[in-house]
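Residue-level structure breakdown
Spelled out from the first residue to the last, the chains are:
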Amino acid sequence: MGLRQAYTATALLIPLAYAPVVAEKGIVTLAIDSWCFGERQHNTNGRTGEEDAFKQMLWRGRVLYGMMMFDERRALDYLVNGG
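Going along each chain's sequence as written, the residues are numbered from 1 onward. Only residues with pLDDT of at least 70 are given local features in this predicted model, and only at 80 or more are side-chain atom pairs given and counted; all residues enter the totals for whole chains, interfaces and linings. Computation of side-chain values: all heavy atoms of the structure, hydrogens and water removed.

1. Focus: the overall build of the protein chain
Going along the chain from the N terminus, every DSSP run of H or I of four or more residues is numbered as a helix, and every run of E of two or more is numbered as a strand. Counting its secondary structure elements, the protein chain contains 4 helices and 0 strands. For the protein chain, the α and β elements follow one another from N to C terminus as α-α-α-α. For the protein chain, buried positions account for 19% of its 83 residues. Put simply, of all contacts in the protein chain between residues at least 6 apart along the chain, 42% involve residues at least 24 apart. Calculation of accessible area relied on Shrake-Rupley with a 1.4 Å probe; when residues are assessed, cover is drawn exclusively from the protein chains displayed. Within the structure as shown, the protein chain displays about 6700 Å² of accessible surface, and the carbon and sulfur contribution to it stands at 58%. The buried label applies to any residue whose accessible area, calculated with a 1.4 Å probe on protein chains only, is under 20% of its type's maximum; exposed applies above 50%, and partly exposed to all values in between. We call two residues contacting when some pair of their heavy atoms lies within 4.5 Å.

2. A few points about the nonpolar core
Counting residues in hydrophobic clusters, the biggest one holds 6 residues: Cys-36, Ala-53, Met-57, Leu-64, Met-67 and Met-68. For this core, the secondary-structure elements that each account for two or more residues are helix 3 (46-59) and helix 4 (64-81). Residue contributions to this core peak at 3 residues, all from helix 4. In this structure, Met-68 is in contact with Ser-34, Trp-35 and Phe-37, ignoring residues within four places of it in sequence. Take the buried Ala, Val, Leu, Ile, Met, Phe, Trp, Tyr and Cys residues and link them wherever side-chain atoms come within 4.5 Å; each set so joined is a nonpolar core.

3. Regarding helix 4
A helix is expected to reach a length of 1.5 Å times the quantity of its residues less one. Taking 1.5 Å of rise per residue, the 18 residues of helix 4 would be expected to cover 26 Å, and the 26 Å separating its terminal C-alpha atoms lies within 8% of that figure. Gly-82 lies just past helix 4 and shows a positive phi near 75°.

4. A few points about a nonpolar patch on the surface
A surface patch of nonpolar side chains, amounting to about 490 Å² of accessible area, comprises Phe-54, Leu-58, Val-63, Tyr-65 and Met-69. Taken together, the elements giving at least two residues each to the nonpolar patch come down to helix 3 and helix 4. Looking at Met-69, the relative accessible area reads 38%, which means it is partly exposed. Two distance rules govern patches: like charges are joined within 9 Å, and nonpolar side chains (Val, Leu, Ile, Met, Phe, Trp, Tyr) within 5 Å, applied only to residues with over 30% relative accessible area and no salt bridge. Should a side-chain nitrogen of Lys or Arg be within 4 Å of a carboxyl oxygen of Asp or Glu, the pair is scored as a salt bridge.

Below, the structure is given as C-alpha cells:
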C-alpha cells in the first residue's frame, strides 16, 4: 500500500481513507511510496516495473526487498529524530 491508498478510500482495498482519521486524532504518521509504487513507479504497469527493477538491482548486486527495507528504516529514523 502506498501514499495514494492511505488518502483515498477504495471499495476493494480499504473502505475508509485512514490517513485523515489518524491525523485528526493527532497521531504522527509517515506514508512513503516504496520502490516501483506510487510516485516511484516508472511504468504504468506496476508488475512490469517491479520485475524490471528487481532484475536491474540484481545485476548491480542489490536486492529490491533490501532497498525497500532500507527506505522503511530511514523513514522511521526521520520520525524518531524529528526530521
